[in-house]
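Secondary and tertiary structure notes
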Amino acid sequence: MSQRVSVVSLGGTIATVPDAEGRAGAVIGLSPQDLVAAVPPLAGTGIALDLVDLRRLPGASVTVDDVRAAAQRARELVDRGADGVVLTQGTDTIEETAFLLDLLWTDPAPLVVTGAMRYPSLAGADGPANLLAAVQVAASPRARDLGCLVVMSDEIHAARWVRKAHTISPSAFTSPATGPVGHVVEGEPSIWWRRPGRLTPHSTIDSKVRVALVTVALDDDGGLLSAIDDRYAGAVVAGFGAGHVPDTMVDRLERLAARIPVVLASRIGVGPVLTATYRFAGSESDLQSRGLIGAGHLDPYKARLLLQVLLSAGADRAEIAATFSAAAQG
Ligand code: ASP
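What this report covers is the structure whose coordinates are included nearby. (Residues numbered from 1 in each chain as written. Predicted model: local features only at pLDDT ≥ 70, side-chain atom pairs only at ≥ 80, totals over all residues. Heavy atoms only, no water.)

1. Overview of the overall build of the chain
This is how the line gets drawn: The helix and strand labels rest on DSSP assignments: H or I over at least four residues marks a helix, E over at least two residues marks a strand, and numbering proceeds from the N terminus. Radius of gyration here is computed from C-alpha atoms only, and the compact-globule reference equals 2.2 Å multiplied by the residue count raised to the power 0.38. Burial classes follow relative accessibility: with a 1.4 Å probe on protein chains only, a residue under 20% of its type's maximum area counts as buried, one over 50% as exposed, and anything between as partly exposed. What makes two residues a contact is simply this: any of their non-hydrogen atoms within 4.5 Å. Reported accessibility uses the Shrake-Rupley method at a 1.4 Å probe radius. Residues are deemed covered only where the shown protein chains occlude them. Charged-residue counts in this description rest on Lys and Arg as positive and Asp and Glu as negative, His and the chain ends being excluded. Where a charge lies is defined by one atom per residue type: Lys uses NZ, Arg uses CZ, Asp uses CG and Glu uses CD.
Each helix and strand in the chain was counted, giving nine helices and 16 strands. Here the C-alpha atoms of the chain give a radius of gyration of 20 Å, agreeing with the 20 Å that 2.2 N^0.38 yields for 330 residues. Here the C-alpha coordinates of the chain stretch approximately 60 × 45 × 30 Å along the principal axes. Split into buried and exposed, the 330 residues of the chain put 52% on the buried side. A separation threshold of at least 6 residues defines the contact pool for the chain, and within that pool the share at least 24 residues apart is 71%. Approximately 13,800 Å² of the chain is accessible, and the part contributed by carbon and sulfur atoms is 51%. If the 29 positive side-chain charges of the chain are averaged to one point and the 35 negative ones to another, these points end up 2 Å apart.

Next comes the structure, spelled out in structure tokens:
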């Protein structure tokens, strides 16, 4: 029996065309039918496609509710017989949406996110090749039980580790800490490694639960922290290096952590937040002794989403700390 894959489109560069005045890059005008029609080799794969036009948004405007709706639709499609689901969307937010989908997705079926760095009217547009590879991965039994994957430039990345590491390059997506989990070669997906466990803390997220993200910079006095008022249920601080802030911020952070869960991540984006290597005021061990929770290997954007999922489920500080500690193990 032939494989069946659903393609759900959310918008982004891959679907962006000129407007009525001919101004390039102006409208998200392509339907999933148009996207598929631009990839003739898809017909030769023998994979049956179901197409869903869910949203037409730039990546920057995708919301947590849109991601929840996409996960819900993907689940329905799998329940109705899809072997896997491809989500096309703007690359600007893929590293976050894919991670959130990964947290919410407990089904063994592959859930694959792709997009394009160059829109269809640009020379060397990458959308068609990315869509073809993404469909091939979503149809592959080898990609089962891997959570959410990001397929770009024939590379298969785990949502847990992927980052957008260049503003315009077609090879913008990398997994700097681990490398990709696999590759698509001549239409065949290969998976090189599987992670031992997955983070699937709770299967929903409440967009009304707000989590602040504050990035620390040179000679920062932490003034922005006072803007974190009762609207926020939690906060992530993206510190320097392995989790450090200026000593002038320490008291403010300690007071904030007494009020709401505060996760300490690194603005570097790759590598762990340490726990017990430095002991100066504002060091990782000092901050964690004052109640901040280390983000482990999660970058600030991913840590923020994990904290939001946990807070949405009513998790207390102990569960939040235990979940981030599990994430620190890989
Ligand atoms: N540059 C973005 C993209 O690749 C624009 C967006 O995220 O919508 O799709």
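2. What to know about the environment of S140
Relative to the helices and strands, S140 is located in the loop between α5 (127-138) and β7 (148-152). In this structure S140 comes out as buried when scored by relative accessible area, which is 8%. Along the backbone, S140 and Y278 are 138 residues apart, and their C-alpha atoms lie at a distance of 46 Å.

3. Brief notes about the sheet that holds strand β13 (residues 210-215)
Strand pairs in the sheet, formed through backbone hydrogen bonds, run parallel or antiparallel to each other. For the record, the criterion: Note: two strands are recorded as paired if DSSP finds a minimum of 2 bridges between them. Simply put, an axis is a line fit to the C-alpha atoms, just over the touching stretch for a helix, and the angle between two N-to-C directions goes from 0 to 180 degrees.
Spatially, four strands are ordered β13-β14-β15-β16 in an open sheet, and the strand pairing comes out parallel. The open sheet has two edge strands with one neighbour each: β13 and β16 (293-294). Contacts from helix α8 (residues 300-312) reach β13, β14 (232-239) and β15 (262-266) within the one sheet, and its direction differs from that of β14 by about 160°.

4. Some words on the sheet that holds strand β6 (residues 111-114)
Taken in spatial order, the eight strands of this open sheet run β4-β1-β5-β6-β7-β8-β11-β12, and their pairing is mixed. Pairing within the sheet leaves two strands with one partner each, and these edge strands are β4 (48-57) and β12 (188-191). Ignoring which end each strand starts from, the neighbouring axes of this sheet average 25° apart. Sheet analysis places strand β8 (residues 155-158) next to strand β11 (residues 182-185), joined by two bridges and oriented antiparallel. From the neighbouring strand, E155 faces β11, where its bridge partner is H183.

5. A short note on the pattern of salt bridges
We apply this condition: We count a salt bridge whenever a side-chain nitrogen from Lys or Arg sits within 4 Å of a carboxyl oxygen from Asp or Glu.
Counted according to the given criterion, the structure contains 17 salt bridges. With a closest N to O distance of 3.3 Å, D65 and R68 form a salt bridge. Here D65 pairs with R68, and both are found in helix α3 (residues 64-79), just three residues apart, close to one helical turn. Relative accessible area serves as the criterion here: at 32%, D65 is assigned to the partly exposed category. We classify R68 as partly exposed; its relative accessible area is 32%. Between D251 and R290 there is a salt bridge, with its nearest N and O atoms 4.0 Å apart. Placement of D251 in helix α6 (residues 250-259) and of R290 in the loop between α7 (284-289) and β16 is noted, with a sequence separation of 39 residues between them. Given the relative accessible area of 25%, R290 is considered partly exposed.

6. Describing helix α9 (residues 317-328)
The line we're drawing: Expected helix span is taken as 1.5 Å per residue step, with the number of steps being one fewer than the number of residues. The arc in question is formed by the directions pointing from the helix axis toward the C-beta atoms.
An ideal rise of 1.5 Å per residue puts 16 Å on 12 residues; α9 measures up with 16 Å between its terminal C-alpha atoms. Those residues of α9 not exposed but buried are I320, T323, F324 and A327. The buried residues of α9 occupy an angular sector of 95° when the element is viewed end-on, so they sit on one face. Next to the buried residues of α9 lie β15, β16 and α8.

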